[in-house]
Amino acid sequence: MCLLIGYLPKSIAITGSGIIAIEYAKIFNNLGADVTLIIRDHLPRNALMKIGLDRNVAATLVADLVQCGIKIIRGAQVKEFDVPKSDSVGGGLRSDVKILLEKRGGGALPKGSVTEIRCDTYLAAVGRKPNTGNLNLMSAGIKVDQYGGILVDNRLATTATCGSVYAAGDVVGRPFLASTGSAQGQAAVASMFSSEKLTSLLECDPNDAACIVDPLEKVGECFDPASLALNPFAFPIGIWSSPEAAYYGLSTQQANEMGYNNVGESIALYAECLRGRVFSPNGMLKLVFEKPAGKIVGVHICGDDACELIHYGMELVKGRRTIEDLNNSLFSAVTYHELYRIAARAALDDESARKRRAAVSIAVAQRIRSNKNSK
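Conventions used here
All residue numbers refer to position in the chain's written sequence, counted from 1. Thresholds applied to this predicted model are a pLDDT of at least 70 for local features of residues and 80 or more for the giving and counting of side-chain atom pairs; totals over whole chains, interfaces and linings are not thresholded and use all residues. To get the side-chain values, all heavy atoms of the structure are used, and hydrogens and water are removed first. Helix numbering and strand numbering both begin at the N terminus, where a helix is a DSSP run of H or I of at least 4 residues and a strand a DSSP run of E of at least 2. Note on contacts: a residue pair qualifies if any of its non-hydrogen atoms lie within 4.5 Å across the two residues. Accessible areas in this description were obtained via Shrake-Rupley with a 1.4 Å probe; residue shielding takes into account the shown protein chains only. For two strands to be treated as a pair, DSSP must find at least two bridges joining them. To obtain an axis, a line is fitted to C-alpha atoms, over the contacting stretch when the element is a helix, and the angle between two such axes runs from 0 to 180 degrees between their N-to-C directions. By this rule, a helix spans an expected 1.5 Å times one less than how many residues it contains. To sort residues, take the accessible area from a 1.4 Å probe on protein chains only and compare it with the maximum for the residue type: under 20% means buried, over 50% means exposed, and anything in between is partly exposed. Taking the helix axis as origin, the arc is that swept by the directions to the C-beta atoms. Counting rule for disulfides: a pair of cysteine sulfur atoms within 2.5 Å. Handedness of a crossover: with both strands directed away from the viewer, a clockwise path from the first strand across the helix to the second marks it as right-handed.

Some remarks on the overall build of the protein chain
Moving on, step 1. Helix and strand content of the protein chain: 11 helices and 12 strands.
Moving on, step 2. The long-range share in the protein chain, meaning contacts at least 24 apart out of those at least 6 apart in sequence, stands at 57%.
Moving on, step 3. Looking at the protein chain as shown, the accessible area adds up to about 20300 Å², and 52% of this sits on carbon and sulfur atoms.

A short note on the sheet that holds strand E3 (residues 71–73)
Moving on, step 1. Taken together, the four strands give an open sheet; going across it, the order is E3-E2-E1-E7, and neighbouring strands pair in parallel fashion. The strands lining the two open edges of the sheet, one partner per strand, are E3 and strand E7 (121–124). On average, each strand axis in the sheet is inclined to that of its neighbour by 20 degrees, with strand direction left out of account.
Moving on, step 2. Taken together, the three bridges between strand E2 (residues 34–38) and E3 define a ladder with parallel strand orientation. When the sheet's bridge partners are listed, threonine 36 is paired in E3 with lysine 71.
Moving on, step 3. Packed on one face of the sheet, helix H1 (residues 19–30) meets strand E1 (11–15), E2 and E7 and runs near 165 degrees to E2.

As for helix H4 (residues 178–192)
Moving on, step 1. Under the 1.5 Å per step criterion, the end-to-end length of H4 is 21 Å for 15 residues, consistent within 8% with the ideal 21 Å.
Moving on, step 2. Among all positions of H4, only Thr180, Gly181, Ala183, Gln184, Ala187, Ala188 and Ser191 are buried. Mapping the buried residues of H4 onto a view down its axis gives an arc of 160 degrees, with all of them on the same face. Structural note: H4 exposes Ala178 and Gln186 on the side pointing more than 90 degrees away from its buried face.
Moving on, step 3. In this structure, the buried side of H4 is in contact with helix H5 (225–230).

Quick look at the state of the cysteines
Moving on, step 1. In the structure shown here, the tally under the stated rule is zero disulfides.
Moving on, step 2. Looking at cysteine 307, it has no disulfide partner, and the nearest cysteine sulfur is the one in cysteine 302, 9.8 Å off.

Thoughts on the environment of aspartate 54
Moving on, step 1. With respect to the secondary-structure elements, aspartate 54 resides in the loop between helix H2 (45–50) and helix H3 (55–67).
Moving on, step 2. Counting along the chain gives 196 residues from aspartate 54 to leucine 250, while the straight-line C-alpha distance between them is 8.5 Å.
Moving on, step 3. Other than its neighbours up to four places away in sequence, aspartate 54 contacts Ser251, Lys286 and His300.

Side note on helix H8 (residues 306–318)
Moving on, step 1. Here H8 spans 18 Å end to end across 13 residues, near enough to the 18 Å set by a 1.5 Å rise per residue.
Moving on, step 2. Within H8 the residues assigned to the buried category are Ala306, Cys307, Leu309, Ile310, Gly313, Met314, Leu316 and Val317.
Moving on, step 3. Buried-residue contacts for H8 involve strand E8 (237–239), strand E9 (245–249), strand E12 (295–302), helix H9 (323–327) and helix H10 (338–348).
Moving on, step 4. Immediately beyond the C-terminal end of H8, within one or two residues, lies arginine 320, with a positive phi of roughly 55 degrees.

Notes on the pairing of E2
Moving on, step 1. By the criterion of burial, E2 is predominantly enclosed, with four of the five residues buried.
Moving on, step 2. Relative to E2, E1 runs parallel, the two being bridged by five bridges. Residue pairing in the sheet places isoleucine 12 in a bridge with valine 35 of E2.
Moving on, step 3. Handedness of the crossover joining E1 and E2 through H1: right-handed.

Honestly, it's all geometry; don't read function into it.
In structure tokens, the structure reads:
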């Protein structure tokens, strides 16, 4: 994605409620622009939860948007644009873009709703698709899907007539990440010089009683889009907003849907560790685990350095570590990694953890009020 803009807008409207929409909303908000988010859903966190984000982390990100002064218009979509000429004001200046809104699916919005927005710039962050339209792929026998994504097998080989064309990265479709694109490139080159056939997750018949697939066993084996989509443990996700958010593995909802019989979760607030209390108290880390063994199946973080911290969480999940293992580990003082042990202790003693979080939250709120009053 390439966003070319030759000026800093004073106001911007963004359609979308996913990762890209939130990242750009915070970028322009931090640059001083007046930001309005237009979302089709009535609950902004729903889009984030659909991609695997924990409900608490999603709610924290949305709450931060509101606290930063970003306006959110819910249950709406753009109906019409009125784009003025480039120099309609004179002197090379342009008047505002006028955006008319309607309710999701069409029709008039409820009485009292915002029906018109005026802004300098508009950004549609409602999805991406591969840019393959001008590559003349059909002449080489290379098939694409309805979005233009190049179809590949689990070795990243295309349907090319010559049988020796591979594809990797954004041209093959989701997840459109730099990390998975690089891994696909390496895997494609390895496939070119290897006659060994990889076993895709798709090749295991779910109706066969002998077919027991643990997604963790497949991590790092197949990087084609289909295998990545089927494996929630394939790669970590990072949201480079402020605060950052990241996750690896399963949310509680996903764990229940995958058939885990008894799922637990535990939370550590950033304000509970010394570094968070001093430098950045607004944040949280959540562990999702299987009971009674305590095996950790998911880690979700929102706060400073979340996109760095998640990699330790990834190793906990991949290593099948338990809550007890984590509780018995010793972490260096004044680091955010202490949050992992605090969350493990919360899993072992939920009642005490709730009281501790309540006390910490009160202390943080008092400090914020004190800072505001002193200004």
